Amino acid sequence: CTGYLGAVQERLERIKLSTSSSTAESEDKKSKTLDQQTSEELMRAHFLHRTNAYVDFEELSTFDSLLESATTALSECDVPDSINGGNYEAALLYYYAQVQLGCMAEESDVWIEVLQMHRAMINRKPESTSGIGTKSISSKKASTKKAVVAPVASTKEEMERLTRTKVYLGVYSKLDESNDALLSPVSLRDAVCRLMAVEELESFSCVSTDILRDCHALLLHQVKRLGEIGIVVQKKKGAKANDIGRVWRRALSFVSPLVENYLKVVLSEGADFVSLHKSLRSLAEECCELVVASCWMCESIDVDFNNEVSSLLHLVNSCLSTCKQARAIDGKRRLEEMKRDESVVSSKDSVSSADRKDSLLFQCTLAASKCRADIECALSEHATDQEKLIDALTASARRATAATSTLMKVGSELRSSALGLSSASSKFGCSYLQFLSAWAGLCLSPWLFCTLGQARTILNSARESISSGRRNWGRHPPSLVESILLDLGEADLEGGLLGGFRSASEKLYRKVLIAVEEITNEYIGGMLRVHCLLGLARLAIASEPSDGSSAEELARDALESLESLGPSCADERSASLCVYPWRSQVLNGLVHSYHVCASRQLVAEACVRSSRPDDALEFLTEAVKDFPGNFEAALALASFNLRTVLDGTSENDNSTRTLLLKSAKMGKTKADPFALLGIWYERKGDSARARGCYQKALILNPSHPVAGRGLSRLMKISEIQHICEVAADRSSAVNGWAWRILGEYKISGDGDDTAAIVCFQQALRCKDIQAPQSDSLGVFYSDPKMLEGESE
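**Some remarks on the overall build of the chain**
Of regular secondary structure, the chain possesses 33 helices and two strands. Burial analysis of the chain (792 residues in total) assigns 52% to the buried set. Put simply, 73% of the contacts in the chain that link residues at least 6 apart link residues at least 24 apart.

If you want it as structure tokens, here you go:
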């Protein structure tokens, strides 16, 4: 049976060769055709050593006759009762042949039609088969209109794609609820999975490496085919969400046992083992790609894969990590081989377009998997500890921000004519997932680790991932929630990051306020509306002049909405707040707490600006209680207490220091708490510690206006000249302090009045010089001892 199947494979290779370009043909001439091989080569190539019968290939020249003979030969074999019978090779070989029969029948149909299309193109005649190729079809209803020309395939790849599309749609049209086997038979998959459950099997030494390799190759073909069927179905005009969800769910049901019962065990042998078995690594990568792609493709149609995927995410990420290490080992091995081969000039030239495409798809799968696994891991490990959950999500935001730059660099290196980064990313949604993690605006402060340029780049990549997914892979248009999240991310970056366009931010918030009216789920619509109200409140406070009354009104409106929604509402109605795995009751409870906390902070800030310190303290204290792990809440309360200590209305010195230290611990990458600690120590007369805190703040943010002014009070101008030059080189609206000090140095140190005038002019253009009152920390620009003196 396997001998006949080998002959079918050889004939398929002949067809592929005959439809290839002359360049490809010349490269493949090294491999001998069937009639050029010796008996030993025939047996080696077509597995005849595994059978007792000799196959007479001359009498069996057609695909149908070969497949019929293979079917007859297999029917004479005994069906293995179990994989545990001791003869593992015989059982695996039987199921291999059984599945391969169906695959070869389908492949022969595909390539016979491709051959016909190719001959028709060469002869400039329409092929006999209808519906594909160069045939023109005239409309019967409107004969006077122009003829509609069917898609014309001019290359082998296009012909194969068109033919497979027709074949796969035909397969799916025959599918119903009871015949999953039509989509892909599972007998070989189950046999391979049962192999890992055999207690006597301590290694793969008892199973032929050739047979395992053949099984891996066939399973790889099945998994690739399932992914292609999913894409073909969703690219079909008028495809329904139920059909798309159905085909991807069945693809997942095929892959899940392979990942959980086979690959998990095999890959535990380590990267060195995997690097020696390329067929195993290819199968593992393809399975992981299918899992990640199926999640992304179905999220826009609101198909919940929670039960199927939640247990797979960690395994998929672990498998991909092992495969990444195996790829690195392979790369080192190839590099050593190339060094020994003097004919190889460049390693870059030796990488084919297909290898580049494969590597790029792998990198995008890995990036998307990491985003999903990070969130899933954080939720599973810290579900009951909010502070640790916030730390884990913050770390995830940091990693996602760094990963976007890495992916872009890798994408530029691996870009080829076959596939670009945008197209590869859109198959798995890694750019959109990285946006969600880096933005994190629903549960953390937006864009924690991004500059304005970085945030815009990440957002643009996410939008391109959505549009390219529709264009290249047939993914359904983004859901309303997906589009709203992108708009909110853009509004947050334009309104919250230095240099953004606040007018654009306000327009986006108001656009979303209109869009959320279309969301039928009360909780989802309510939470997104609250986020918009808080964004508008922040813009009102930051405006010049500050509009504290409008900000307070908006923040109180948000707070009332949150109270009506309630945490219990989040548990019951939050299934579609965000894409999976952001669909979590734990995370949605955190989202609710964060927005309550942010509302109280904004009300407190408005109270401060309207000279109501007691009300501000009450709201800030409640904010910290609502969200104890929130950095902004802790910093706001600490800075308020420091302000009251400086103006003499409070004597809570020690508690203020404790709050500042706590906020510094929570925001290790933030400059504000260290700058305020410097103010506290300077007030106490501890210049050494104050200098250390200011310097730490300037390391984190070289243009920080509080730290820069503080350090200038404690050090000579000549000692901080370099620090000021670094700050002045930054594109910042609050580095006026640095330009002012540099101007003073030009006068006193260099005697260069002209340069000093330029520096002072630059300083006058900066926000911290023009309008210090617009900065929430503007009150700390002055010497803390002077502030105390004024209050006295």
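So that's the structure; there's more coming.
**Notes on the pattern of salt bridges**
Enumeration according to the criterion identifies 30 salt bridges in this entry. In this structure, the salt-bridge partner of glutamate 490 is arginine 463, at a minimum N-O distance of 2.8 Å. Taken as a pair, glutamate 490 in helix 18 (residues 480-496) and arginine 463 in helix 17 (residues 452-473) lie far apart in primary sequence, 27 residues in all. Note on arginine 463: relative accessible area 29%, which makes it partly exposed. In this structure, arginine 475 engages glutamate 482 in a salt bridge whose closest nitrogen and oxygen atoms are separated by 2.8 Å. Grouping residues by exposure puts arginine 475 and glutamate 482 together as buried. Through salt bridges that share partners, Arg281, Glu285, Arg327, Asp330, Arg333 and Asp358 make up one connected network.

**A short note on the packing of aromatic side chains**
Scanning the model with the defined rule gives six aromatic pairs in all. When the centroid spacing of 5.7 Å and the interplanar angle of 40° are considered together, the rings of tryptophan 296 and tyrosine 432 count as tilted. Remark: tyrosine 432 occurs in helix 16 (residues 430-439) and tryptophan 296 occurs in helix 11 (residues 278-299); sequence separation between them is 136 residues. Classification of tryptophan 296 by relative accessible area gives buried; the value is 0%. Ring geometry for tyrosine 432 and phenylalanine 435: centres 5.8 Å apart, planes at 50°, overall tilted. Pair noted here: tyrosine 432 and phenylalanine 435 are both in helix 16, with a separation of three residues, about one helical turn. Here tyrosine 432 and phenylalanine 435 have matching classes, each one buried. The side chain of arginine 327 reaches across the aromatic face of phenylalanine 362, ending 4.4 Å from its centre.

**Overview of the nonpolar core**
Counting residues in each nonpolar core, the largest one holds 233 residues, and the members touching the most others are Leu188, Tyr262, Leu263, Leu393, Tyr432, Phe435 and Trp447. Counting residues per element, this core draws most heavily on helix 5 (residues 88-123), at 16 residues.

**Structural notes on unusual backbone geometry**
Here the phi dihedral of alanine 440 falls at roughly 50°; this positive angle occurs in a residue that is not glycine. Inspection of the secondary structure assignment puts alanine 440 in the loop between helix 16 and helix 17. Residues other than glycine seldom take positive phi values, yet tryptophan 447 does so here, at roughly 55°. Mapped onto the fold, tryptophan 447 is located in the loop between helix 16 and helix 17.

**Looking at the state of the cysteines**
Scanning the entire structure with this criterion turns up zero disulfides. Cysteine 364 supplies the cysteine sulfur nearest to cysteine 430, a cysteine that is in no disulfide, at a spacing of 4.2 Å. For cysteine 430, a relative accessible area of 0% puts it in the buried group.

**Here we look at the side chain of serine 561**
One can find serine 561 in helix 21 (residues 548-573). There is a polar contact of 3.0 Å between the side chain of serine 561 and the side chain of arginine 529. Sequence-distant contacts of serine 561, defined by excluding residues within four places in its chain, comprise Arg529 and Val530.

**Section: the confidence of the model for the chain**
Across the chain, the average pLDDT comes to 81, with 82% of residues at 70 or higher. No element of the chain has a lower mean pLDDT than strand 1 (residues 136-137), at 40, and none a higher one than helix 19 (residues 502-515), at 94. Between residues 22-30, whose pLDDT stays under 50, and residues either more than four places distant or in other chains, the model counts three contacts. Counting contacts from residues 127-149, a segment whose pLDDT is below 50, to residues more than four positions away or on other chains yields 28 contacts.

**Focus: helix 5**
Here helix 5 is 36 residues long and its end C-alpha atoms lie 51 Å apart, about the 52 Å a rise of 1.5 Å per residue gives. Roughly 25° is the biggest bend found in helix 5, and it falls at glutamine 100.

**Details of the packing of helix 18 against helix 20 (residues 522-542)**
When two helices pack together, their arrangement is given by the angle between the helix axes and the distance between those axes. Packing of helix 18 against helix 20 brings their axes to within 11 Å, and their N-to-C directions diverge by 15°. One finds that helix 18 runs roughly parallel with respect to helix 20. Pair helix 18 / helix 20 crosses with left-handed handedness. For the pair helix 18 and helix 20, the contacting residues are Val481, Ile484, Leu485, Leu488, Asp492 and Gly495 in the first and Ile524, Leu528, His531, Cys532 and Leu539 in the second.

**Quick word on the environment of arginine 740**
Residue placement: arginine 740 occurs in helix 30 (residues 736-750). The exposure class assigned to arginine 740 is partly exposed, which follows from its relative accessible area of 29%. Sequence separation of arginine 740 and isoleucine 769 is 29 residues, and the distance between their C-alpha atoms is 9.3 Å. When sequence neighbours within four positions are dropped, the list of residues in contact with arginine 740 reads Phe760 and Ala763.

**Some words on the environment of tyrosine 781**
Inspection of the secondary structure assignment puts tyrosine 781 in the loop between helix 32 (767-770) and helix 33 (784-791). Discounting residues that sit within four places of it in the chain, tyrosine 781 has contacts with Pro705, Val706, Arg709, Arg713, Asp768, Pro772 and Asp775.

**So, the packing of helix 15 (residues 421-428) against helix 17**
Contact geometry of helix 15 with helix 17 gives a least axis separation of 8 Å together with a crossing angle of 90°. Considering their axes alone, helix 15 and helix 17 lie roughly perpendicular with respect to each other. Only Glu464, Ser465, Ser468, Gly469, Asn472 and Trp473 of helix 17 make contact with helix 15, whose side of the interface consists of Ser422, Ser423, Ser425, Ser426 and Lys427.

**Details of the environment of alanine 354**
Assignment of secondary structure puts alanine 354 in helix 13 (residues 353-381). Taking relative accessible area as the criterion, alanine 354 reaches 52% and is therefore assigned exposed. For the pair formed by alanine 354 and serine 416, sequence separation is 62 residues and the distance between their alpha carbons is 8.6 Å.

Conventions used here
Residues numbered from 1 in each chain as written. Predicted model: local features only at pLDDT ≥ 70, side-chain atom pairs only at ≥ 80, totals over all residues. Heavy atoms only, no water. Helix = DSSP H or I, 4+ residues; strand = E, 2+ residues; numbered from the N terminus. Buried < 20%, exposed > 50% of the residue type's maximum accessible area, 1.4 Å probe, protein only. Contact = heavy atoms within 4.5 Å. Salt bridge = Lys/Arg side-chain N within 4 Å of Asp/Glu carboxyl O. Phe/Tyr/Trp six-rings, centres within 6.5 Å; stacked < 30°, edge-to-face > 60°. Lys NZ or Arg CZ within 6 Å of the ring centre and 35° of its normal. Core = buried A, V, L, I, M, F, W, Y, C linked by side-chain atoms within 4.5 Å. Disulfide = S-S within 2.5 Å. Polar contact = N/O pair within 3.5 Å; in protein donor to acceptor, adjacent residues only side chain to side chain. pLDDT = per-residue confidence, 0-100. Expected span 1.5 Å × (residues − 1). Bend = angle between axes of the 7 residues up to and from the residue. Axes fitted to C-alpha atoms, helices over the stretch in contact; angles between N-to-C directions. Parallel < 35°, antiparallel > 145°, perpendicular 65-115°, else oblique. Left-handed = near helix turned anticlockwise from the far one by under 90°.

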